[in-house]
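Per-entry structural report
Residue-level listing of the chains:
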Amino acid sequence: MKRFGVSLPDELAREVDRISQELGVTRSAVVAQAVSNFVQTYSQHLRDGHRCLGAVLSLAEGMEVVSEIMEEYKDLIANYSHMHIGDRCLSVFVVYGDGKRVGEFLMGLSEKAVKTLFTPLE
């Protein structure tokens, strides 16, 4: 088994602790399961040469956070919707294109947004 350190935002670390306590497992088990899910999605959809169709939800503190990423990856965005939820912005994207670029788009959004979710559709 390989060991390495991971830095998490405080709130996420608290959630990992809470879940591990509720399930009676280690933090490592919770993190390993989450990483396993991401790796499975990545290896099936977000790889070079795969034509990926998916839906992306992204919650951000403001539209300017998302605008720069959108411009860089506009060739992938087949459709886009934006709405205001309180003082936050919810963006819904339908993306289609090379899986590696879709993965880069998702990681770019994830770094700037409060939360980003991806659902592969094909």
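Residues numbered from 1 in each chain as written. Predicted model: local features only at pLDDT ≥ 70, side-chain atom pairs only at ≥ 80, totals over all residues. Heavy atoms only, no water.

1. What to know about the overall build of the protein
The number of helices and strands found in the protein is 4 helices and 4 strands. Counting from the amino terminus, the protein carries its helices and strands in the arrangement α-α-β-α-β-β-α-β. With the C-alpha coordinates of the protein rotated into their principal frame, the extents come out at 45 × 40 × 20 Å. Counting over 122 residues, the protein shows a buried share of 28%. In the protein, of all internal contacts separated by at least 6 residues, the share reaching a separation of at least 24 is 66%. Carbon and sulfur atoms form 54% of the exposed surface of the protein, whose accessible area is close to 8,300 Å². Between the mean site of the 13 positive side-chain charges and the mean site of the 17 negative ones, the protein shows a separation of 6 Å. (Helix = DSSP H or I, 4+ residues; strand = E, 2+ residues; numbered from the N terminus. Buried < 20%, exposed > 50% of the residue type's maximum accessible area, 1.4 Å probe, protein only. Contact = heavy atoms within 4.5 Å. Areas by Shrake-Rupley, 256 points an atom, 1.4 Å probe, with all protein chains shown as cover. Lys, Arg positive; Asp, Glu negative; His and termini not counted. Charge placed at Lys NZ, Arg CZ, Asp CG, Glu CD.)

2. Some thoughts on the confidence of the model for the protein
In this model, the protein carries a mean pLDDT of 90, and residues with pLDDT of at least 70 account for 100%. Taking the mean pLDDT of every element in the protein, the minimum, 84, falls on helix H2 (residues 27-45) and the maximum, 95, on strand S3 (residues 88-98). (pLDDT = per-residue confidence, 0-100.)

3. Section: the sheet that holds strand S4 (residues 115-120)
Hydrogen bonds along the backbone pair up the strands of a sheet, which may run parallel or antiparallel. Read across the open sheet, the 4 strands follow the order S2-S3-S1-S4; overall the sheet is antiparallel. On the outer flanks of this sheet lie strand S2 (77-85) and S4, each paired with one strand and no other. With strand direction ignored, the average angle separating the axes of adjacent strands in the sheet is 15°. Here helix H4 (residues 99-112) sits on the sheet in contact with strand S1 (51-60), S2, S3 and S4, set at roughly 165° to S3. (Pairing = 2+ DSSP bridges. Axes fitted to C-alpha atoms, helices over the stretch in contact; angles between N-to-C directions.)

4. Description of a negative patch on the surface
Residues Asp48, Glu68, Glu72 and Glu104 make up a contiguous surface patch of negative charge. Summarising the element assignment, Asp48 is placed in the loop between H2 and S1. (Patch = residues over 30% accessible without salt bridge, like charges linked within 9 Å, V, L, I, M, F, W, Y side chains within 5 Å. Salt bridge = Lys/Arg side-chain N within 4 Å of Asp/Glu carboxyl O.)

5. Some remarks on the nonpolar core
One recurring pattern in soluble globular proteins: nonpolar side chains tend to sit buried together. Counting 18 residues, the largest nonpolar core has Val56, Phe93, Val95, Val102, Phe105, Leu109 and Phe118 as its most contacted members. Contributions of two or more residues to this core are made by S1, helix H3 (63-72), S3 and H4. Looking at this core, the element that brings in the most residues is H4, giving 4 residues. Each residue touching Leu109, except ones within four places of it in the same chain, is listed here: Val56, Ser58, Val66, Ile69, Phe93 and Thr116. (Core = buried A, V, L, I, M, F, W, Y, C linked by side-chain atoms within 4.5 Å.)

6. A closer look at the pairing of S2
Bridge analysis of S2 against S3 gives 8 bridges, and the strand direction is antiparallel. Paired with Ser81 across the two strands is Val92, which belongs to S3. What sits between S2 and S3 in their antiparallel hairpin is a turn of 2 residues, with Gly86 showing a positive phi close to 65°.

7. Section: the environment of Ala55
With respect to the element layout, Ala55 can be found in strand S1. For the pair Ala55 and Leu121, spaced 66 residues apart in sequence, the C-alpha to C-alpha distance is 7.0 Å. Once you skip the residues sitting within four places of it in the chain, Ala55 turns out to touch Phe93, Leu117, Phe118, Thr119 and Leu121.

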